[in-house]
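Each chain, written out:
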Amino acid sequence: MASHNIAVVPGDGIGPEVVDAALPLVEGAAADSGVTVETTRFDWGTEYYLDHGEMMPDDALDRLAEFDAIFLGAVGHPDVPDHVTLHGLLLPIRKGFDQYVCKRPNVLFEGIESPLRGYEPGDIDFVVYRENTEGEYADVGGREHRGLAHETAVQSAVFTRRGTERIVRAAFEAATRREGHLTSITKSNAQAHSMVFWDEVVADVSEEFPSVDVERLLVDAAAMDLIRRPHEFDVVVASNLFGDVLTDIGAQITGSMGLAPSGNVHPGGEYPSMFEPVHGSAPDIVGEGVANPLATVLSWSLLFEDLEEQRVAADLWQAVVDQLGDDSAPRTPDLGGDAGTEQVVADLQSRL
Ligand code: GGG
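Residues numbered from 1 in each chain as written. Predicted model: local features only at pLDDT ≥ 70, side-chain atom pairs only at ≥ 80, totals over all residues.

Draft legend 1. Representation of the domain arrangement of the protein. By the assigned domains, the protein splits into domain 1 (1-100 + 260-352) and domain 2 (125-253). Put simply, the middle of domain 1 and the middle of domain 2, counted by C-alpha atoms, are 25 Å apart. In this assembly, eleven residues from domain 1 lie in contact with eleven residues from domain 2. Residue contributions to the side of domain 1 that touches domain 2 peak at four residues, all from helix α4 (residues 82-96). Taken together, the residues of the side of domain 1 that touches domain 2 break down into five nonpolar, three polar and three charged. (Domains from an automatic or database assignment. Contact = placed C-beta atoms within 7 Å. Helix = DSSP H or I, 4+ residues; strand = E, 2+ residues; numbered from the N terminus. Nonpolar A, V, L, I, M, F, W, Y, C, P; charged D, E, K, R; others polar.)

Right, here's the structure in full:
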């Protein structure tokens, strides 16, 4: 019987609500396929920060390194600046474990109405490969002359050849497994160093993938085209910041942030990968029991796919597809329903 040790970091806000609700379902789905999931919970995040002055302990990465994968709920708290929560937990894990592929599927599921006119389920199906360890989130910069009229803040983006080539290559590989169309997003008209470099890397790597059709878009045009013609996207590759922004658009045009899963993948197996719903901690609905657990369940599906437990991955994904396709099934308020998190999970359970 296959067995996997998974570290679970529920985090802040609705993170623990969706993670705790989904966990028994996920363990059950795995057991049905003969897979044992051993989870260890780490209550790190903003509550931990308020008690200890740090989002997670100094040896957190050493402890997480022992696991086959990590599942994260959400980070963010109204009383703590967002850069503290992000730089205290999420980004150190992504960077520390070299999780350089942030994979974010955007699918318009059966039963979901896109806010875009004329789009039917199945019409939108693309995946964003977001660079996840450097770029605009490299944390290089500083501030001088605080509070003075000539106060200055500098934030540098870092694009290395190794870092750019590997995310671009991962996206090309994905395109060969999908429809063979890759859209590379930059702002190379305005950012004549890093983004022109990115374009050059894409051109170089494209020679290894002659069957892939490459489109280049500026990020402003891409934001527009994701609304205007989302059906034409297949694989999108973008820098850390641009990928972050565009995947929120992707979530909206496919129905809800509550349906958007993601994987922070370290391809090589040296370190664990981390999976998380794209949504944040949603302080506006914390404690109401109405957070949508589906992005969490879909993210677990991505986790099992990465662990090559294809049957568990497919069962979880299909249960969500079946539920969304059933117009009598319970739905959380973000999808127009009035059901709670637990009700949605109980219904999913009946479909497994
Ligand atoms: N589910 C993880 C989470 O809480 N994300 C909030 C966030 O701000 N993420 C930024 C990012 O993905 O870089």
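Past the structure itself, the notes keep going.
Draft legend 2. Just the UniProt feature "domain: Isopropylmalate dehydrogenase-like" (unreviewed entry) in the protein, in detail. Mapped onto the present numbering, the UniProt feature "domain: Isopropylmalate dehydrogenase-like" (unreviewed entry) falls at residues 5-348. When the span residues 5-348 is considered, its composition is 39% helix and 22% strand, and the gap between its end C-alpha atoms is 24 Å. (UniProt positions renumbered as here; feature names shortened; annotations may be inferred.)

Draft legend 3. Fine view of the site of the ligand. With respect to spatial proximity, the complete set of residues near the ligand consists of L72, A74, V75, G76, L86, D244, E276, P277, H279, G280 and S281. Contributing elements (two or more residues each) for the shell around the ligand: β3 (69-74) and β12 (273-277). In terms of residue class, the shell around the ligand is built from five nonpolar, four polar and two charged. (Near = placed C-beta within 6 Å.)

Draft legend 4. Inspection of the confidence of the model for the protein at higher detail. For the protein, the mean per-residue pLDDT works out to 97, and 100% of the residues sit at or above 70. Among the scores for the predicted complex, ipTM is 0.91 and pTM is 0.96. (pLDDT = per-residue confidence, 0-100.)

Draft legend 5. Structural view of the sheet that holds strand β8 (residues 181-186). Strand order in the open sheet made by the ten strands is β2-β1-β3-β12-β11-β4-β5-β10-β8-β9, with mixed pairing throughout. Each edge of the sheet is formed by a strand with only one pairing partner; in this case those strands are β2 (35-41) and β9 (213-218). Here the average twist between neighbouring strands, direction ignored, is 25°. Sheet analysis places strand β1 (residues 2-11) next to β2, joined by seven bridges and oriented parallel. Bridging from a neighbouring strand, H4 pairs with V37 of β2. (Pairing = 2+ DSSP bridges. Axes fitted to C-alpha atoms, helices over the stretch in contact; angles between N-to-C directions.)

Draft legend 6. Spatial organisation of the packing of helix α1 (residues 15-32) against helix α9 (residues 294-306). Where α1 meets α9, the axes come as close as 9 Å, and the angle between the chain directions of the two elements is 50°. The orientation of α1 relative to α9 falls into the category oblique. Between α1 and α9 lies a crossing whose hand is right-handed. In this structure, α1 uses V18, V19, A22, L25 and V26 to contact α9, whose residues at the interface are T296, V297 and W300. When grouped by side-chain class, the residues that make up the contact of α1 with α9 number seven nonpolar, one polar and no charged. (Parallel < 35°, antiparallel > 145°, perpendicular 65-115°, else oblique. Left-handed = near helix turned anticlockwise from the far one by under 90°.)

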